[in-house]
Amino acid sequence: MELRQLSYFVTVAEELHFGRAAERLHIVQSAVSQQIRRLERELGAELFDRSPRHVRLTGAGERLLPEARTVLAAAERARTAVAPRQGLRIGTSAGLGEHLDRVLVALSKLAPDVPVELVSVPTGERLARVADGRLDAAFVRAPEPAPGVRIVPLWPDPLVAAVPAGHPLAGQEELALGDLAALPLSITARRNNPALVDLVVGACHDAGFEPVPGPVSGSLQDTLATIGTRPLWTVVYASQARVLRAPRVAFVPFRAPGLALTAGLALPAAVAQPSPGVAALLAACGDHEN
């Protein structure tokens, strides 16, 4: 059993899709499938229930997942113990847009000699890595409580509606959620971002309608490309919308009070005194907020 195989297994288990897992690992899908098959042969058990429509963990896969994560975390701690890093490892959240740029600029002024490594992984993995020390900090939005982690609130992140540029709603200065009731909603699966999906769907219910389910794409860019050709809508963080290039899509603010999630910085709960690098990062976030 190789660490690489366990890493591939955990990634597929998180994505429940071999193609998306391969994209995250930056390798071809066939290599992921091959290593998973080898791991299954070695363990003598199938780890995934595969069909043309879905990929699910088997009972054996569900039992292996926490053990695999424990092994990978231990391996990472061993690497860190041998070659400790002096820089900052920061987990990033999708859609930070100009927020991240401004924080990094402020951080470079406050701590010019501290190298920064940005790590993009799903929210649950981000929190797990902060808790066990593989990340020094991570940007998150309204996460569910996680053991070993504390969240420092940073700023509210407003959402805007993304609609086809040729749709009549695209020309309005702002939208009420009810204006979108007739259009299908294309949004990520809840398991990928429960806080966002719960906020949007709950707001639709409060506005008196059940959102019509639209197609679920693998990435925001794919979703926006689809919206550019079909009458659909989704939500995008305003800070991200300002830096996106999507000429066939219009981004329209919601009418007050609008929709927003609070961005926060996840830090290890066990560390009472932040390192100089983390302290500089917190100060950079504060400078950005003001």
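I will try to describe carefully the structure that is included in this document. (Residues numbered from 1 in each chain as written. Predicted model: local features only at pLDDT ≥ 70, side-chain atom pairs only at ≥ 80, totals over all residues. Heavy atoms only, no water.)

Some words on the overall build of the protein
What counts here: Only DSSP runs of H or I with at least four residues qualify as helices, and only runs of E with at least two residues qualify as strands; both kinds are numbered from the N terminus onward. Only C-alpha atoms enter the radius of gyration, while the globule expectation follows 2.2 Å times N to the 0.38, with N the number of residues. Residue contacts follow a heavy-atom distance rule, with two residues in contact if any of their heavy atoms lie within 4.5 Å. Using a 1.4 Å probe, accessible areas were evaluated by the Shrake-Rupley method; residue-level cover was limited to the displayed protein chains. Only four residue types enter the charge count: Lys and Arg as positive, Asp and Glu as negative, with His and the chain ends excluded. Where a charge lies is defined by one atom per residue type: Lys uses NZ, Arg uses CZ, Asp uses CG and Glu uses CD.
Tallying secondary structure elements over the protein gives 10 helices and 11 strands in all. Against the compact-globule benchmark of 19 Å for 290 residues, the protein has a radius of gyration of 21 Å, which places it among compact chains. Expressed as a percentage of contacts within the protein between residues at least 6 apart in sequence, the contacts between residues at least 24 apart total 71%. A total of about 14900 Å² of accessible surface is found on the protein, and carbon and sulfur atoms cover 54% of it. Side-chain charges in the protein split into 29 positive and 29 negative, and the spacing between the mean points of these groups amounts to 5 Å.

Description of helix α2 (residues 18-25)
For an α-helix the count is 3.6 residues per turn, leaving residues at separations of three or four pointing the same way. Keep this limit in mind: Throughout, exposure labels follow a simple rule: accessible area from a 1.4 Å probe, protein chains only, divided by the maximum for the residue type, with under 20% read as buried, over 50% as exposed, and the rest as partly exposed. By definition, the arc is the one covered by directions from the helix axis to the C-beta atoms.
All of the buried residues along α2 are Phe18, Gly19, Ala21 and Ala22. In a view along the axis of α2, the buried residues occupy a sector of 160°, so they form one face of it. Positive phi appears at His26, one or two residues downstream of α2, with a value of about 60°.

Overview of the packing of aromatic side chains
The test is simple: Stacked, tilted and edge-to-face pairs are distinguished by plane angle, under 30 degrees for stacked and over 60 for edge-to-face with tilted covering the rest, among Phe, Tyr and Trp rings (Trp via its six-membered ring) whose centres lie within 6.5 Å.
Taken as a whole, this structure holds 3 aromatic pairs when the rule is applied. Ring centres 5.5 Å apart and planes at 50° place the aromatic pair Phe9 and Phe48 in the tilted group. Pair noted here: Phe9 is in helix α1 (residues 3-15) and Phe48 is in strand β1 (residues 48-50), with a separation of 39 residues, a long-range link. Each member of the pair, Phe9 as well as Phe48, carries the same accessibility label: buried. A ring pair is formed by Phe139 and Trp155, whose centres lie 6.4 Å apart and whose planes are at 35°; its orientation type is tilted.

What to know about the pattern of salt bridges
The line we're drawing: By salt bridge we mean one thing: a side-chain nitrogen of Lys or Arg within 4 Å of a carboxyl oxygen of Asp or Glu.
Per the counting criterion, the structure on display carries 16 salt bridges. Notably, a salt bridge pairs Arg102 with Glu98, separated by 3.8 Å at the nearest N-O pair. Remark: Glu98 and Arg102 occur in helix α5 (residues 98-110); sequence separation between them is 4 residues, near one turn of the helix. Taking the relative accessible area as the measure of exposure, Glu98 reaches 15% and is therefore buried. Taken together, the salt bridges that share partners define one network made up of Glu14, Glu15, Arg20, Arg24 and Arg69.

A look at the nonpolar core
Selection criterion: In plain words, nonpolar cores are sets of buried Ala, Val, Leu, Ile, Met, Phe, Trp, Tyr and Cys residues tied together by side-chain atoms within 4.5 Å.
Of all hydrophobic cores here, the largest spans 26 residues; its most connected members are Leu177, Leu180, Leu196, Val200, Trp233, Val235 and Phe254. The biggest single contributor to this core is helix α7 (residues 194-206), with 6 residues. When near neighbours in sequence (up to four residues on either side) are disregarded, Val235 contacts Leu159, Val160, Ile187, Leu196, Val200 and Phe254.

A closer look at unusual backbone geometry
In this chain, Ala256 is followed by Pro257 through a cis amide linkage whose omega measures 10°. With respect to the secondary-structure elements, Pro257 resides in the loop between β10 (249-253) and β11 (260-268). In the Ramachandran plot, Leu16 falls in the positive-phi region, its phi being about 50° despite a non-glycine side chain. With respect to the helices and strands, the residue Leu16 is situated in the loop between α1 and α2. The exposure class assigned to Leu16 is partly exposed, which follows from its relative accessible area of 27%. Of note, His26 is a non-glycine position whose phi angle comes to about 60°, a positive value. Inspection of the secondary structure assignment puts His26 in the loop between α2 and α3 (29-43).

Topic: the environment of Asp157
Put simply, the test is: Pairing of N or O atoms within 3.5 Å defines a polar contact, subject to two protein rules: one partner must be a possible hydrogen donor and the other a possible acceptor, and residues neighboring in sequence count only if both atoms are side-chain atoms.
Looking at the element boundaries, Asp157 is found in strand β6 (residues 149-164). Residue classification places Asp157 among the buried residues on the basis of a relative accessible area of 0%. For Asp157 and Ala106, which are 51 residues apart along the polypeptide, the C-alpha to C-alpha distance reads 19 Å. Ignoring any residue separated from it by four or fewer positions in sequence, one finds Asp157 in contact with His99, Arg141, Tyr237, Ser239, Leu259, Ala260, Leu261 and Ala263. A polar atom in the side chain of Asp157 sits 2.8 Å from the side chain of Arg141.

Some remarks on the environment of Pro194
Among the secondary structure elements, Pro194 is positioned in helix α7. Note: C-alpha distance between Pro194 and Gln172 (22 residues apart in sequence) is 29 Å.

Focus on the packing of α2 against α3
Quick note on the threshold: Helix axes are fitted only over the stretch in contact, all axes being lines through C-alpha atoms; the angle between N-to-C directions runs from 0 to 180 degrees. Note on terminology: angles under 35 degrees are roughly parallel, angles over 145 are roughly antiparallel, angles of 65 to 115 are roughly perpendicular, and the others are oblique. Each residue is assigned to one of three groups, with Ala, Val, Leu, Ile, Met, Phe, Trp, Tyr, Cys and Pro labelled nonpolar, Asp, Glu, Lys and Arg labelled charged, and all others, Gly among them, labelled polar.
For the pair α2 and α3, the least separation of the axes is 8 Å and the interaxial angle reads 105°. As far as their axial angle goes, α3 and α2 are roughly perpendicular. Here Phe18, Gly19, Ala22 and Leu25 of α2 lie close against α3, whose contacting residues are Gln29, Val32, Ser33 and Ile36. Looking at the contact of α2 with α3, its residues break down into 5 nonpolar, 3 polar and no charged.

Details of the pairing of strand β4 (residues 116-120)
Under the convention used in this document: Two strands form a pair only when DSSP identifies at least two bridges running between them. A crossover gets the label right-handed when its path from the first strand over the helix to the second runs clockwise, viewed with the strands pointing away from the viewer.
As judged from the 5 bridges shared by strand β3 (residues 88-92) and β4, these two strands associate in the parallel manner. For Gly91, the partnering residue across the bridge sits in β4 and is Val119. The β-α-β motif built from β3, the intervening α5 and the parallel element β4 has right-handed crossover chirality.

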